[in-house]
Structure formats: C-alpha cells, structure tokens
Amino acid sequence: MNTTITTPRFIHEIPQRQAAQNPGAICLYPENGPPISYGELWSTVESTAEWLKGLGISTGHKVMVVGENCPEMLTMLFACSLVGAWPVGVNARLSAREINAIAEHCDPSLVFFTARISTAAESHA
C-alpha cells in the first residue's frame, strides 16, 4: 500500500485537501460562534476567492488583511492563495502609523479589515 503524501505547493491546498477528504471534520472553534468544518471553511474560501476576482484581484496582487485571529482573516489568507495574490497579514492592534507604514511599503491592491470581528480593525477601517 502506497501512502505517499504530497507536500502542498500553496497554503490553500491544506484546507482544500481536508475539505475533500473530511468535509465534516471541525477545523475552527471561533470565539463567538459555532464550530466550522473543513467543508464550510473551504466553501467560504472559494466564494471569497470569487469575490476577490470580481474586484480584479489576481496573480501577483497584494492584499493587506488587517485583523485579529479570526475565521475571516484565515479565509482571506487562503482565498488570496487560491487566486495567486500575496496576502499581507497585519495585526489590527498595531498603531495607525504602523499600519499606514506597512500599507505604503507593500502598496496593496486591496486593504481588507476584519471589522465585524475586531473593534481594533474597525477603528482602522
């Protein structure tokens, strides 16, 4: 029996594989919500990737994601990988000056704030 496991080339392939093999398995326990399965996460990643494409985000674009540890931040990071964009994860608890400096340096095509989850991200938005 050959049990060779291929190493993913892109980070989005990890939840994609798990969603295909174990869609009902729980992968996230959000602080304020029900558990999220791999199948649910992957469905959200795919729809977020389509949303990004609709905004013109594609291979090589940079997307700055300002937030805290939450499903929305994780979804954006995987969706960026799926469309070939470069995610720039930024902690929303940084100062406005620090976030602006990062944005100036990376010159993102889109800045996304996880404002629904993080009051710090909401204040920056």
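Described below are features of the structure shown in this document. Being a predicted model, the structure only gives us computed values, none of them experimental.

## Some words on the overall build of the chain
- Scanning the chain from terminus to terminus reveals 5 helices and 5 strands.
- When the helices and strands of the chain are listed from N to C terminus, the series reads α-β-β-α-β-α-β-α-β-α.
- In terms of principal-axis extent, the alpha carbons of the chain reach across some 55 × 35 × 25 Å.
- In the chain, which comprises 125 residues, the share counted as buried stands at 35%.
- Relative to all contacts within the chain whose residues are 6 or more apart in sequence, the contacts with residues 24 or more apart total 66%.
- Just so you have it, the chain exposes about 7,800 Å², and 53% of that area is on carbon and sulfur atoms.
- With 7 positive and 11 negative side-chain charges, the chain shows a spacing of 6 Å between the two charge centroids.

## Focus: the sheet that holds strand β5 (residues 110–113)
- The strand order across the open sheet built from 3 strands is β4-β3-β5, with neighbouring strands paired in parallel fashion. The open sheet has two edge strands with one neighbour each: β4 (86–91) and β5. In this sheet, adjacent strand axes meet at a mean angle of 20° when their direction is disregarded.
- For strand β3 (residues 62–67) and β4, the ladder comprises 6 bridges, and the chain directions are parallel. Bridged to V63 within β4 is P87.
- Docked against the sheet, helix α3 (residues 71–83) engages β3, β4 and β5, running at close to 170° with respect to β3.

## Quick look at the environment of A85
- The topology assignment puts A85 in the loop between α3 and β4.
- What makes A85 buried here is its relative accessible area of 6%.
- Between the C-alpha atoms of A85 and A96, which are 11 residues apart in sequence, the distance is 24 Å.
- With residues near it in sequence (within four places) discarded, A85 still touches I57, S58, T59, G60, H61, V63 and C80.

Procedures and definitions
Residues numbered from 1 in each chain as written. Predicted model: local features only at pLDDT ≥ 70, side-chain atom pairs only at ≥ 80, totals over all residues. Heavy atoms only, no water. Helix = DSSP H or I, 4+ residues; strand = E, 2+ residues; numbered from the N terminus. Buried < 20%, exposed > 50% of the residue type's maximum accessible area, 1.4 Å probe, protein only. Contact = heavy atoms within 4.5 Å. Areas by Shrake-Rupley, 256 points an atom, 1.4 Å probe, with all protein chains shown as cover. Lys, Arg positive; Asp, Glu negative; His and termini not counted. Charge placed at Lys NZ, Arg CZ, Asp CG, Glu CD. Pairing = 2+ DSSP bridges. Axes fitted to C-alpha atoms, helices over the stretch in contact; angles between N-to-C directions.

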